[in-house]
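Descriptive analysis of the structure
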There are 2 protein chains.
Amino acid sequence: MIPTPVHATADPLPSWNNGEVKQSIIEFVSRVTTENSPDFVPVADRIATFDNDGTLWAEQPVVQGMFVLGKLQAMAAADRTLTERQPFQAALEGDVEYFKQAGEAAIMELLTATHTNMTQEQFQQEVQQFFATGIHPTLNVPYTKVTYKPMIELLEYLRDNQFQTWICSGGGIDFMRVVSQSLYGIPPEQVIGSSGKEEFIQQDGKYVIWRLPEIARINDHAGKPIGIDLHIGKRPVFAAGNERTGGDIAMLTYSQGRSGASFQLLINHDDAQREFAYQEPDNASLNAAEANGWQVVSIKNDWKTVFFQ
Amino acid sequence: MIPTPVHATADPLPSWNNGEVKQSIIEFVSRVTTENSPDFVPVADRIATFDNDGTLWAEQPVVQGMFVLGKLQAMAAADRTLTERQPFQAALEGDVEYFKQAGEAAIMELLTATHTNMTQEQFQQEVQQFFATGIHPTLNVPYTKVTYKPMIELLEYLRDNQFQTWICSGGGIDFMRVVSQSLYGIPPEQVIGSSGKEEFIQQDGKYVIWRLPEIARINDHAGKPIGIDLHIGKRPVFAAGNERTGGDIAMLTYSQGRSGASFQLLINHDDAQREFAYQEPDNASLNAAEANGWQVVSIKNDWKTVFFQ
């Protein structure tokens with residue numbers, strides 16, 4: 001009879017298929033957390049940063065975009081003239097071509113109309129309401145059910161090994177914070193995102209944070225390392241993003257530039273069956289992964305289960 | 001013989017004299033951490049924010065100001081023309097009147113010359129060097145020895161009760177971060193401060209954070225609640241500042257405006273013997289404390305020991 005080891009370690013990533021990506025993650029975590037290993041990283045430096053859309057949850061469509069659309073629909077129901085005014089008409093009709101032409105300014109106008117000129121508390125209540133009732137248009141489940149099970153296991157695995165897990169996303173910081181703890185176990189103070197200007201004002205005898213109609217910082221592309229420096233002040237040891245717009249290349253590059261061991265993960269959306277399949281026109285993220293030796297997750301091959309439901 | 005209780009609780013604030021301030025701190029912490037107490041605050045919400053200059057360490061003169069002066073002296077030694085150019089000449093000669101006249105723009109020019117146009121890593125090395133060698137001009141000890149012992153006890157006491165302790169200062173975020181862990185046990189990611197614009201650029205084949213000569217955010221006065229909202233996303237349960245410029249009134253007001261229990265502490269510098277004695281010309285902070293029921297620390301009466309040496 002072969003004795004069973006008493007301390008047999010349970011699989012920390014049960015939703016990941018065995019393969020190079022899973023093995024390399026486990027090998028890396030073990031290497032940087034083993035004292036006396038040449039690659040040992042002290043607990044204080046175990047920083048892991050994750051993109052959100054397409055990395056921790058599905059981004060077809062972008063969840064915050066659906067929040068914007070929901071608000072515009074409610075606004076249009078109260079004021080029908082909105083359906084005849086751009087850029088609102090285009091947004092309400094899903095006219096993607098209009099936005100390709102009109103560019104960033106049109107998007108900003110939508111964000112201003114839906115995200116600003118209210119108190120922080122008021123905004124967070126609206127976001128809470130959205131998550132309590134919103135349903136994903138094609139997956140047909142609440143938005144709280146479009147998170148990726150393998151990535152939530154990865155977050156927990158890293159935390160079990162005394163990593164701090166952070167979100168670093170192009171999404172709005174105050175939007176994600178409302179659900180980061182309940183969906184990912186990530187507290188609001190470990191969320192980095194795009195932010196607007198704010199003012200501290202007195203309103204009805206109480207001092208509040210007022211959301212001004214002006215962008216303070218876009219936390220995407222080269223904005224991600226800047227956001228990490230602002231909120232954490234250290235290069236991440238572990239960084240994970242996904243391919244779609246090239247938005248995570250700078251964050252992964254920044255992580256890799258630290259002195260000492262580091263790990264970079266890039267998710268490739270190649271599973272039309274269970275999730276969505278899409279690619280960058282210029283393939284920039286996959287090319288960068290290839291050139292720099294980043295691990296690429298094939299959702300189709302590397303993930304046993306996709307969604308956390 | 002009276003039996004000694006086995007679990008006699010040691011005094012958590014031994015450098016504080018017994019009195020109203022010390023008692024009210026201990027009473028508050030016990031109240032918000034006692035389950036079933038009507039004022040119980042869950043661990044996730046136990047946020048404490050501390051101003052730095054004049055609250056955690058001495059600010060006569062402001063430590064970061066001495067870093068600026070040291071750099072200007074080194075620059076002037078390499079280029080004597082600096083001693084004849086304003087605002088450098090005034091800074092090098094300690095001409096306070098000049099800066100009263102020239103205002104904020106002159107200060108910004110000094111900050112630009114000493115804090116920017118270098119990489120983040122380079123800046124942090126300079127700050128490390130400053131703390132390794134700098135000596136306080138009148139207290140005659142290294143700057144690492146001008147921290148207040150009672151406040152360090154308070155930070156530890158709050159952390160023992162599962163509070164997160166944060167710095168929220170008008171000082172530079174990247175300046176304080178270099179020593180926040182070693183001086184206060186506060187990790188760099190829990191420091192909020194003023195910050196400059198940054199760029200993510202390639203330099204000598206490596207990607208670095210480059211410090212641009214432009215202010216991004218001043219974390220003082222009404223900027224403090226905004227900074228707390230940006231980095232934490234919650235109103236603090238406990239907030240501590242000091243009187244000198246009115247710079248902490250907004251932070252304490254913001255803390256007091258949370259729904260649920262909160263505590264505000266204001267340090268009054270009234271001890272010329274052991275530290276420094278100074279007041280605000282308009283008395284705004286002490287007046288706000290009086291009007292809002294904030295606890296005021298008299299260094300003279302409330303602190304048994306001042307410095308942590």
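Please refer to the structure higher up on the page.
Let me begin by describing the structure that accompanies this report. Treat the numbers as computed from the prediction; the structure is a model and nothing was measured. (Residues numbered from 1 in each chain as written. Chains lettered and ligands numbered in written order. Predicted model: local features only at pLDDT ≥ 70, side-chain atom pairs only at ≥ 80, totals over all residues. Heavy atoms only, no water.)

**What about the interface of chain A and chain B?**
Counting residues at the interface gives 32 residues for chain A, matched by 32 residues for chain B. Counting the surface lost from both chain A and chain B, the interface buries some 2600 Å², and carbon and sulfur atoms represent 54% of this. Applying the counting criterion to the chain A and chain B interface returns 2 salt bridges. Put simply, Glu121 of chain A and Arg235 of chain B hold a salt bridge, and the shortest N to O gap is 3.3 Å. Linking chain A with chain B are 14 residue pairs in polar contact (both at pLDDT 80 or more), by the criterion used here. Only α6 (120-133), β3 (164-172), α8 (173-184), β4 (191-203), β5 (206-217), α9 (223-231) and α10 (249-256) of chain A provide two or more residues apiece to the side of chain A that touches chain B. (Contact = heavy atoms within 4.5 Å. Buried area = accessible area lost by both parts, 1.4 Å probe. Salt bridge = Lys/Arg side-chain N within 4 Å of Asp/Glu carboxyl O. Polar contact = N/O pair within 3.5 Å; in protein donor to acceptor, adjacent residues only side chain to side chain. Helix = DSSP H or I, 4+ residues; strand = E, 2+ residues; numbered from the N terminus.)

**Points about α10 of chain A**
Within α10 of chain A, 6 of the 8 residues are buried, leaving the element largely enclosed by the surrounding structure. Turning to α10 of chain A, its buried residues are Ala250, Met251, Leu252, Thr253, Tyr254 and Ser255 of chain A. (Buried < 20%, exposed > 50% of the residue type's maximum accessible area, 1.4 Å probe, protein only.)

**Brief notes about the relation of the copies chain A and chain B**
Note on the identical chains: chain A maps onto chain B by a rotation of 180° and an axial translation of 0.0 Å, with an RMSD of 0.0 Å. The superposition of one copy onto the other is thereby described by a two-fold rotation axis. Residues of chain A ranked by C-alpha distance from the rotation axis are headed by His231 of chain A, positioned 3.3 Å from it. In this assembly the copies share their binding face: 100% of the residues contributing to the interface of chain A also contribute to that of chain B. (Least-squares fit on C-alpha atoms with pLDDT ≥ 70 in both.)

**Comments concerning the pairing of strand β4 (residues 191-203) of chain B**
Residues and elements named next belong to chain B. One ladder, built from 3 bridges, connects strand β3 (residues 164-172) with β4; its direction is parallel. Among the inter-strand pairings, Cys168 is bridged to a residue of β4, identified as Ile192. Taken together, the 8 bridges between β4 and strand β5 (residues 206-217) define a ladder with antiparallel strand orientation. Across the sheet, residue Gln202 finds its bridge partner in β5, namely Tyr207. Here β4 folds back onto β5, and the loop between the two strands holds 2 residues, one of which, Asp204, carries a positive phi near 50°. (Pairing = 2+ DSSP bridges.)

So yeah, pure geometry; function would need other evidence.
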